[in-house]
Amino acid sequence: MKRMYEGKAKIVYQSDDPETVHIEYKDEATAGNGAMRGVIARKGPMNRDITVQLMRVVEAAGVPTHLLTEVGDRFILARKLRMIPLEVVVRNRIAGSLARRLGLAEGAPLPEPIVEFYYKSDELGDPLIVPAHAPLLGVDLETVRALEELALRVNAALAPFLLDRGIVLVDFKLEFGRDAEGTIRLGDEISPDTCRFWDAATNEKLDKDRFRRGLGGEAEAYAEVLRRIAAPRPGA
Ligand code: TMP
């Protein structure tokens with residue numbers, strides 16, 4: 001397979017079909033734009049499995065994704081997308097950079113979900129932008145509105161699905177792209193690397209904040225998320 005692109009957590013390979021790619025989920029973990037590096041045992045296969053399960057929930061809610069099939073234990077076959085250079089963050093509770101930026105304590109639920117846009121640029125450290133900046137980055141305002149609507153639909157599907165499994169969806173980051181027909185599809189991943197998942201009973205962190213904040217127990221937390229997502233729904 002020909003390597004097209006290697007990111008911090010995944011590698012994208014060209015497949016035989018020009019419209020599809022293989023994506024490999026790596027065990028390596030980074031934080032702070034690469035300032036912190038480590039390995040979380042079996043993270044790649046766990047994030048692949050969690051992403052596949054959650055993308056199926058998202059698809060069922062009418063949001064197209066890049067997912068085609070699982071391959072081996074740490075790959076997916078996906079539609080090739082032309083990525084839109086924005087990270088779309090949805091927040092249901094105050095945490096992370098929102099808490100830091102506004103000087104607020106982590107944990108309080110937000111009255112309505114908040115959608116934020118960041119410009120995807122390692123060089124600039126992925127700065128927060130306002131929608132009016134997007135056209136300067138080659139993304140028109142109609143696309144920005146579509147991304148906001150799709151991101152809120154993803155949230156409306158995932159938050160109750162996870163809460164049924166004892167997980168609070170605190171916040172998460174999405175990346176979208178366009179397929180060969182121009183349809184906007186969700187790409188990238190939906191995993192404990194890109195979401196904040198808190199245990200609904202204890203508020204224990206079940207996500208990459210364990211790594212970012214040196215709490216330990218990352219592999220166990222990711223395994224617990226996968227176990228709850230893959231298990232039949234309680235009472236069903
Ligand atoms: P933040 O609070 O640090 O802005 O992060 C918000 C959410 O986005 C959190 O669930 C983690 C996720 N995220 C990424 O997946 N990649 C990133 O580069 C950043 C900054 C956040």
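Up top you'll find the structure we're talking about.
Participant: When you look at the overall build of the chain in this model, what are you seeing that I'm missing?
Facilitator: What the chain contains, in helices and strands, is five helices and 15 strands. The C-alpha radius of gyration computed for the chain amounts to 17 Å, which stays within 12% of the reference 18 Å derived for 236 residues, consistent with globular compactness. In terms of overall dimensions, the chain has a C-alpha envelope of 45 × 40 × 40 Å along the principal axes. Evaluated residue by residue, the chain yields a buried proportion of 51% over its 236 residues. In the chain, the share of contacts with a sequence separation of at least 24, taken over all contacts with a separation of at least 6, comes to 57%. Counting only carbon and sulfur atoms, one obtains 54% of the accessible surface of the chain, whose full area is about 11,200 Å². Across the chain, the 34 positively charged side chains and the 37 negatively charged ones have centroids separated by 1 Å.

Participant: Explain the site of the ligand to me, please; I cannot follow it from the model alone.
Facilitator: Taken together, 15 residues are adjacent to the ligand, and R91, S97, D171, K173 and R196 come closest. Contacts to the ligand include R91, whose side-chain N or O atom sits 2.8 Å from an oxygen atom. Here D171 contributes a side-chain N or O atom positioned 2.5 Å from an oxygen atom of the ligand. Considering the ligand on its own, with 450 Å² of exposed area, one finds that the protein chains cover 78% of that surface. Of the pockets mapped on this structure, the ligand occupies the largest pocket. If you list the elements that add at least two residues to the shell around the ligand, you get β9 (86–93), α2 (96–102), β12 (167–174) and β15 (195–199). Residues belonging to the shell around the ligand are distributed by class as follows: five nonpolar, three polar and seven charged.

Participant: Mind showing me how you'd approach the pairing of strand β6 (residues 67–71) here?
Facilitator: A regular strand places its side chains on the two faces of the sheet in alternate fashion. The pairing of β6 with strand β7 (residues 75–79) spans four bridges and is antiparallel. Along β7, the bridge assignment pairs T69 with L77.

Participant: Is there a simple way to think about the sheet that holds strand β10 (residues 109–119) in this case?
Facilitator: Backbone hydrogen bonds are what pair the strands of a sheet, in a parallel or an antiparallel way. Ordered in space as β11-β10-β9-β12-β15, the five strands form an open sheet in which the pairing is antiparallel. For this open sheet the edge positions go to β11 (128–129) and β15, each flanked by a neighbour on one side alone. As defined by bridge partners, β12 adjoins β15 across five bridges and the pair is classed as antiparallel. Residue pairing across strands places V168 opposite W198, the latter belonging to β15.

Participant: How should I be thinking about the environment of A201 in this particular structure?
Facilitator: The topology assignment puts A201 in the loop between β15 and α4 (209–212). By relative accessible area, A201 is classed as exposed at 74%. In the structure, A201 is positioned 167 residues away from G34 in sequence and 32 Å away in space, judged by C-alpha atoms.

About the thresholds
- Residues numbered from 1 in each chain as written.
- Predicted model: local features only at pLDDT ≥ 70, side-chain atom pairs only at ≥ 80, totals over all residues.
- Heavy atoms only, no water.
- Helix = DSSP H or I, 4+ residues; strand = E, 2+ residues; numbered from the N terminus.
- Rg over C-alpha atoms; globule rule 2.2 N^0.38 Å.
- Buried < 20%, exposed > 50% of the residue type's maximum accessible area, 1.4 Å probe, protein only.
- Contact = heavy atoms within 4.5 Å.
- Areas by Shrake-Rupley, 256 points an atom, 1.4 Å probe, with all protein chains shown as cover.
- Lys, Arg positive; Asp, Glu negative; His and termini not counted.
- Charge placed at Lys NZ, Arg CZ, Asp CG, Glu CD.
- Near = heavy atom within 4 Å.
- Polar contact = N/O pair within 3.5 Å; in protein donor to acceptor, adjacent residues only side chain to side chain.
- 1 Å grid on protein atoms, 1.4 Å probe; cavity = no way out; pocket = protein on both sides within 12 Å on 5 of 7 lines; lining within 4 Å.
- Sits in = over half its atoms within 2 Å of the grid points.
- Nonpolar A, V, L, I, M, F, W, Y, C, P; charged D, E, K, R; others polar.
- Pairing = 2+ DSSP bridges.

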